[in-house]
Amino acid sequence: MSMMKLALQNFKSSFKNYLAIILSLAFTILVFLNFQNLIYSDIFSGLGGKNKEYIDILIQIISFVLGCFMFFFLWYATNVFLTKRKREIGIYVFMGLTNQKIGRMYMIETTMIGISSMVFGIGFGILITWLFQMILLAISDITVDISFQISPTPIFVTIGIYLVMYLIFVIKGYINIVRSSVLEMVSASRQNEYVRQSSFFLLLKAVLGLGVLFLGYYFAIKEGGNEVMNHVFAAVVLVVMGVYLLFGGFIPFVFQKMAGRKEFLYQKERNLWMNNVIFRMKKNYRTYAMTCVLMLCSVTALAAGFAMKVRYESMVHFRNTYTYQILSDQAGLNKKIEALIEKDNQISYGTQASILNLDASMIDTRYQYRNYSVLSWSQIKELAKDAGMEFELEEPKDDEIIQISHLYLLSLLTDRSHETVSINGKIYRQTVDTNIPYLGYLQEQISFYMVNDEEYQKLRPFGTELYTYNYRIEDIYNFAASQDELDTIVSDTDENYTARVMIDPNSSEMEWIKVLYTVCIFVFMVFILASGSILFMKLYNDAFEEKERYQILKKLGILEKTLKKSLSRELLTAYALPFFVMMISAYFSVHALEKMMYTNLFAIYLISVAVIFGFFLICYLLSVSVYAKNAGVEK
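Residues numbered from 1 in each chain as written. Predicted model: local features only at pLDDT ≥ 70, side-chain atom pairs only at ≥ 80, totals over all residues. Heavy atoms only, no water.

Another point: the packing of helix α19 (residues 560–597) against helix α20 (residues 602–630). Following both chains from N to C, one finds α19 and α20 inclined at 160 degrees, their axes separated by 10 Å at the closest point. With respect to their mutual orientation, α19 and α20 come out roughly antiparallel. For the pair α19 and α20, the sense of crossing is right-handed. The residue makeup of the contact of α19 with α20, split by class, is 21 nonpolar, two polar and three charged. (Axes fitted to C-alpha atoms, helices over the stretch in contact; angles between N-to-C directions. Helix = DSSP H or I, 4+ residues; strand = E, 2+ residues; numbered from the N terminus. Parallel < 35°, antiparallel > 145°, perpendicular 65-115°, else oblique. Left-handed = near helix turned anticlockwise from the far one by under 90°. Nonpolar A, V, L, I, M, F, W, Y, C, P; charged D, E, K, R; others polar.)

The following block contains the structure:
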């Protein structure tokens, strides 16, 4: 029999065994292909040059992340496949085949699996291109024309990247087989990921793992200024290391101590599965850690996407607080401006206030801006009343100041307390930083500081006093109707400086943020599918190793029902431990996002955890059924 026929026969016989990995890889390729297609299509061209540019950059970043994920997923999958096949392949040595021939057979068989994943991924990816675009735009709430667009370029790019990655690991497996001895191949299935450790070393890893993990949690929720980015980086590294050490040290250590207590071990038939869980934990701890980290990334991605969506809606509302804003050095223009607007529109509400424009050289603060203005507390209080906005700010003392800022999409400054601002040599302590849109769009252009009325009067000689007139109309989409009338008062002379701002509610300037939200949902789905598939695949392969043990237990007279109950508890532990660690770690990552995005994400945290729980429950039930058959517990 030729190598090709033998490899094809092996591929057919083990196709069901690797269906989980084939489908997972195919789904990853499908998503990667459709994101590549978005880059090479002109579907977002109608949103404007800047939005198209931002969306392309965003999709390229996500494609890079998916590419890295695909690389490591292939690495893991091919390692599992190689270990599973090594023992069977090793038998061929006794049939007179050389390692080189066995290696070639492995390469052919592995290539078949890789090509199957690619064909499924590319094929279904092309078929659902229109559906993918429709779902992306529907979730993003972006209105553009959808057409079936698929060019050869994204297909070739996806195939090229995937084949290069896959070829690396196929060659790696070939070299591994060629350099392996018969003994290594026959016993390979019992060597995977197993590391013998002394009790002292296990305890050391347990203590170190808890310490590193809690330190990561601390950095995740620690507030700060410019150093927050360092905190975020430290939190990511420490939590990943902590999870790895937790599954490699603390959890096996705890289970060993539990198994050492006879009153615990010999109750509820725990002796049938507890020691096997300990062995599996030592053997597969890298898999559990990887699964946990993938789930943690998925929850964080979904929370980040939702936070972006909420933040976008808040920013749009912020910008549309007023339809027209007129800034002038002329006082008493309100009646004239209202008359001009009311020729074509009904005014919903209007506000006015004076602002004291200061030269930037007079201001000394940790965060530098181009334009600075000072506001009077009593005037802003009256303005808020006219606009129907909340105003719960206490009047600042003579040495206190309140910053009125705009909404940021993402802020790494999670602690703005204890800030000081120097104005004309006097130090003020910042007590509050509010982003309520008292002055609407102007807050995006000018850094406003609010002082009490007495301080405002003291600062008047050092600045230029301007007057702002702000109006919101009933039909904000009819904003252009009053443009010509308002332009009649626009002036830029020494005697009369008057400028106007008009807000277009149909502006698509920030539409790219909506796409980010949708992208995060797809990343969430990819990572969840991958984490469940990895764990399912690992337990599926472990079942074949346990077949002999369960046969012995059945010969000892233990009922099939008891054995299935035992293995169901063993598998429940395998799924529950990564899920539980993820659930705790995700709380801190989501909490950190809440602080940076100023958004309540607890509901999204619960929803994402519930989705993962549901998916893992399905994987667990399937694993119990398949494991029982593969291990020979039931027919």
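Right, let's get into the pattern of salt bridges. All told, the structure shown has eight salt bridges when counted by the stated rule. Across the salt bridge formed by E454 and K458, the nearest N and O atoms sit 3.8 Å from each other. Note that E454 and K458 are positioned in helix α15 (residues 453–459) at a spacing of four residues, about one turn of the helix. Judged by relative accessible area, which is 47%, E454 ranks as partly exposed. Given the relative accessible area of 45%, K458 is considered partly exposed. Notably, a salt bridge pairs E465 with R460, separated by 2.8 Å at the nearest N-O pair. Classification of E465 as buried rests on a relative accessible area of 18%. In the salt-bridge network here, residues are joined through shared partners; they are K426, E454, E455 and K458. (Salt bridge = Lys/Arg side-chain N within 4 Å of Asp/Glu carboxyl O. Buried < 20%, exposed > 50% of the residue type's maximum accessible area, 1.4 Å probe, protein only.)

This part takes up the sheet that holds strand β6 (residues 420–423). Read from one edge to the other, the open sheet built from eleven strands follows the order β3-β6-β7-β5-β8-β4-β2-β9-β1-β11-β10, with strand pairing classed as mixed. Each edge of the sheet is formed by a strand with only one pairing partner; in this case those strands are β3 (363–364) and β10 (491–492). Bridging between β10 and strand β11 (residues 497–502) involves two bridges; their strand directions are antiparallel. For D492, the partnering residue across the bridge sits in β11 and is Y497. The sheet contacts of helix α12 (residues 334–341) involve β1 (324–328), β2 (347–358) and β9 (464–473), and relative to β9 the element is tilted by about 30 degrees. Along the sheet, helix α13 (residues 377–387) contacts β2, β4 (372–376), β8 (447–451) and β9; its crossing angle with β2, the most-contacted strand, is approximately 165 degrees. (Pairing = 2+ DSSP bridges. Contact = heavy atoms within 4.5 Å.)

All right, on to unusual backbone geometry then. Positive phi outside glycine occurs at N424, with the angle close to 55 degrees. Locating N424 in the fold gives a position in the loop between β6 and β7 (426–434).

As a further point, take the side chain of N320. Here N320 shows up in the loop between α11 (274–319) and β1. Looking at N320, its side chain comes within polar contact range of the main-chain oxygen of V316, at 2.8 Å. If we skip the residues at most four places from it in the chain, N320 touches R472, I503 and P505. (Polar contact = N/O pair within 3.5 Å; in protein donor to acceptor, adjacent residues only side chain to side chain.)

This part is about the pairing of β4. The buried fraction of β4 is high, at five of five residues. Residues Y372, V374 and S376 line one face of β4 and the alternating positions S373 and L375 line the opposite face, and both faces are buried. Pairing of β2 with β4, which is carried by three bridges, proceeds in the antiparallel orientation. The residue of β4 that forms the bridge with N357 is S373.

Most often, soluble globular proteins have nonpolar side chains that are buried together. Membership of the largest hydrophobic core comes to 69 residues, with the highest contact counts inside it found for V243, F247, M582 and I612. Ranked by residue count, the leading element in this core is α11, at 18 residues. If sequence neighbours within four positions are ignored, V243 has contacts with L213, A289, C292, V293, V581 and S585. L25, I29, F32 and F73 belong to the second-largest nonpolar core, a separate cluster that totals 41 residues. (Core = buried A, V, L, I, M, F, W, Y, C linked by side-chain atoms within 4.5 Å.)

A few words now on helix α8 (residues 199–221). With 23 residues, α8 extends 33 Å between its outermost C-alpha atoms, agreeing within 8% with the 33 Å of an ideal straight helix rising 1.5 Å per residue. Among all positions in α8, only L202, K205, A206, G209, V212, L213, G216, Y217 and A220 are buried. (Expected span 1.5 Å × (residues − 1).)

The next thing to look at is helix α17 (residues 512–545). A rise of 1.5 Å per residue sets the reference length of α17, with its 34 residues, at 50 Å; its end C-alpha atoms lie 50 Å apart and thus fit the reference within 8%. For α17, the buried fraction is high: 30 of the 34 residues fall into the buried class.

Summed over all chains, the structure comprises 18 aromatic pairs. Aromatic side chains F120 and F124 sit 6.4 Å apart centroid to centroid with 20 degrees between the ring planes, which places their arrangement in the stacked category. Highlighted residues: F120 and F124, both in helix α4 (residues 99–127), separated by four residues, approximately one helical turn. Among the aromatic residues, those joined into a ring-pair cluster are F214, Y217, Y587, F588, F602 and Y605. Above the face of the Y285 ring, K205 is positioned so that its terminal group lies 5.0 Å from the ring centre. (Phe/Tyr/Trp six-rings, centres within 6.5 Å; stacked < 30°, edge-to-face > 60°. Lys NZ or Arg CZ within 6 Å of the ring centre and 35° of its normal.)

Attention now moves to a nonpolar patch on the surface. Together, I57, I61, F64 and V65 make up an exposed nonpolar region whose accessible area comes to about 370 Å². Residue placement: F64 occurs in helix α3 (residues 49–91). (Patch = residues over 30% accessible without salt bridge, like charges linked within 9 Å, V, L, I, M, F, W, Y side chains within 5 Å. Areas by Shrake-Rupley, 256 points an atom, 1.4 Å probe, with all protein chains shown as cover.)

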